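Chain and residue survey
What follows is each chain in one-letter form.
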Amino acid sequence: MDLQQKLAVLADAAKYDASCASNSGVQRTSRNSNGVGSVTGAGICHSFTPDGRCVSLLKILLTNYCIYDCLYCVNRVSSDVQRARFTPDEVVQLTLDFYWRNYIEGLFLSSGVIRNPDYTMEQVVAVARKLRVEHEFRGYIHLKTIPEASQALIDEAGRYADRISINIELPTRADLAQLAPEKNAERIQQAMGAIRERIDASAEERKDGAGGTGFAAAGQTTQMIVGATDAPDHTILQQATTLYSNYKLRRVYYSAFSPIPSASSKLPLLAPPLVREHRLYQADWLMRFYGFQAHEITSQAAPNLDLRIDPKLAWALRNRHAFPVDVNKAPRALLLRVPGLGVRNVDRIIQARRWSSVRLADLIRLRVPIKKALPFIEAADHHPGRELDSDRLAARLKPPPEQMDLFSAPEASVLDGQL
Ligand code: SF4
């Protein structure tokens with residue numbers, strides 16, 4: 001199998017990892033035409049750095065062979081997909097070739113487990129070491145690490161990588177035992193804890209002026225598969241809360257389970273609706289930037305997110321007693337609870353009201369979605385009156401039903417967190 005064929009197989013296999021958006025678009029080429037440009041299956045995806053920059057990454061697996069048999073995974077040992085394997089040198093060469101041609105700014109590298117976790121991790125680390133030490137590569141590197149690998153190897157990975165991640169895989173231990181019995185939830189969390197300690201220690205050293213590139217300066221992330229088991233959104237958001245607070249993760253990525261060929265009977269026949277993944281991302285933004293707790297967004301009694309409206313609007317409709325909120329007087333924390341007022345606009349409103357009373361025209365100028373916010377706010381020239389108590393309010397604010405498809409763009413709020 002030549003390098004191009006390996007690239008096709010191993011870039012395609014990496015698309016199931018949600019840690020950066022994969023190039024799942026239609027393939028096009030301008031070859032033999034008068035046009036320019038092409039979209040190929042070369043595994044280039046986009047990801048966001050901690051300072052908000054969008055970077056293009058070569059997103060590939062080192063290999064899609066795997067000795068494990070996680071039932072939800074297309075690369076599991078019992079799957080009959082086409083297999084391929086790069087050598088570390090091939091990955092290094094591909095990364096440098098793509099980099100020199102200005103296609104990418106970095107590498108996202110994951111791998112199935114070959115022989116054993118340490119052997120696999122050695123290969124992954126060898127790629128990063130060669131790039132950083134032999135070629136003095138300064139681009140972005142995100143390494144997916146294997147929790148069962150030795151701490152020394154994970155430490156070395158963290159020294160070369162900007163970001164490292166370990167997949168939590170499924171929302172509960174019981175889910176993991178059912179679908180990925182070779183994986184150990186405790187071991188995964190221990191590895192995350194150790195990474196957190198290294199990241200904290202390295203941040204302290206940098207604060208003390210010790211210098212150096214530090215340990216995974218862009219933090220650690222994880223991915224959770226949604227819809228492969230019957231774990232409700234409440235459980236998923238509780239788990240995310242634990243991960244954020246215990247391990248200081250930068251992001252939890254939610255990946256809607258996609259049915260795979262020759263699937264086990266333990267898996268659902270259908271994928272969950274993609275909108276569920278979107279709603280979880282919106283709920284996640286609410287927990288990280290809007291001061292919401294998981295139990296406010298979902299509860300034991302209503303364990304799943306409303307798929308028709310975003311979770312902030314759903315909360316406001318359930319808690320009408322908390323409104324209207326006066327945009328000229330309310331504290332930041334309350335403004336953040338108003339549907340349609342994103343973090344950016346809340347900060348602009350607070351700035352603006354220092355100088356003069358905020359009126360509806362000011363909100364329109366700030367591009368606040370007025371129809372959504374109006375029933376929940378007071379402004380210098382607006383009071384919602386009895387609108388808040390109307391039985392028809394929820395129906396008026398719900399968008400008309402529409403068919404979602406795999407390739408439609410997600411709601412902007414899923415990407416920028418303005419809810
Ligand atoms: S260890 Fe990773 S690659 Fe291997 S079967 Fe499980 S999820 Fe798939």
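Concerning the overall build of the chain
The helix and strand inventory of the chain stands at 16 helices and 11 strands. Counting every position in the chain, which comprises 419 residues, the buried fraction comes to 51%. Sequence-distant contacts in the chain: of pairs separated by 6 or more residues, those separated by 24 or more amount to 66%.

Some points on the packing of aromatic side chains
Each aromatic ring pair is specified by the distance between its two centres and by the angle formed by the two planes. Taken as a whole, this structure holds 7 aromatic pairs when the rule is applied. Here a set of aromatic residues connected by ring pairs shows up, and it is made of F292, W315, F323 and F376. Directly above the ring of F108 sits K59, whose terminal nitrogen or CZ lies 5.7 Å from the centroid.

Digging into the pattern of salt bridges
Enumeration according to the criterion identifies 21 salt bridges in this entry. D162 is paired through a salt bridge with R132; the nearest N and O atoms lie 2.9 Å apart. Highlighted residues: D162 in the loop between α4 (151-160) and β7 (163-165) and R132 in helix α3 (residues 117-134), separated in sequence by 30 residues. The exposure class of D162 is partly exposed, given its relative accessible area of 23%. A salt bridge links R138 to E136; the shortest N-O distance between them is 3.6 Å. For the pair R138 and E136, one class covers both residues: exposed. Members of the salt-bridge network, linked through shared partners, are R196, D200 and K248.

Some thoughts on the site of the ligand
Close to the ligand lie C66, Y68, C70, C73, R76, G112 and K183, which account for all nearby residues. Here the shell around the ligand is built from residues that sort into 4 nonpolar, 1 polar and 2 charged.

What to know about helix α12 (residues 343-352)
Taken as a whole, α12 has its buried residues at V343, N345, V346, I349 and I350. Seen end-on, α12 carries its buried residues on one side only, within an arc spanning 165 degrees. Next to the buried residues of α12 lie α8 (274-289), α11 (332-335) and α13 (360-365).

Points about the pairing of strand β5 (residues 106-110)
Note on strand geometry: in a regular strand, side chains alternate between the two faces of the sheet. The element β5 is largely enclosed, with a buried count of 5 among its 5 residues. Here β5 shows two buried faces, one formed by G106, F108 and S110 and the other by L107 and L109. Direction of pairing for strand β4 (residues 54-61) relative to β5: parallel, over a ladder of 5 bridges. Counterpart to L61 in the pairing with β5 is S110. Between β4 and its parallel partner β5, the chain crosses via helix α2 (residues 88-100), and the hand of that crossover is right-handed. Of the pairings in the sheet, the one linking β5 to strand β6 (residues 140-144) comprises 4 bridges and is parallel in character. For L107, the partnering residue across the bridge sits in β6 and is I141. Since β5 and β6 lie parallel, the crossover through α3 that links them has a hand, and here it is right-handed.

Topic: the nonpolar core
Judged by nonpolar contacts, the single largest core of 118 residues is most densely connected at Y254 and F376. The residues contacting F376, other than those within four sequence positions of it, are L313, A316, L317, F323, P324, V325, V338, P339, L388, L393 and L397.

Each value, and the rule that gives it
Residues numbered from 1 in each chain as written. Predicted model: local features only at pLDDT ≥ 70, side-chain atom pairs only at ≥ 80, totals over all residues. Heavy atoms only, no water. Helix = DSSP H or I, 4+ residues; strand = E, 2+ residues; numbered from the N terminus. Buried < 20%, exposed > 50% of the residue type's maximum accessible area, 1.4 Å probe, protein only. Contact = heavy atoms within 4.5 Å. Phe/Tyr/Trp six-rings, centres within 6.5 Å; stacked < 30°, edge-to-face > 60°. Lys NZ or Arg CZ within 6 Å of the ring centre and 35° of its normal. Salt bridge = Lys/Arg side-chain N within 4 Å of Asp/Glu carboxyl O. Near = heavy atom within 4 Å. Nonpolar A, V, L, I, M, F, W, Y, C, P; charged D, E, K, R; others polar. Arc of directions from axis to C-beta. Pairing = 2+ DSSP bridges. Right-handed = clockwise from strand over helix to strand, strands pointing away. Core = buried A, V, L, I, M, F, W, Y, C linked by side-chain atoms within 4.5 Å.

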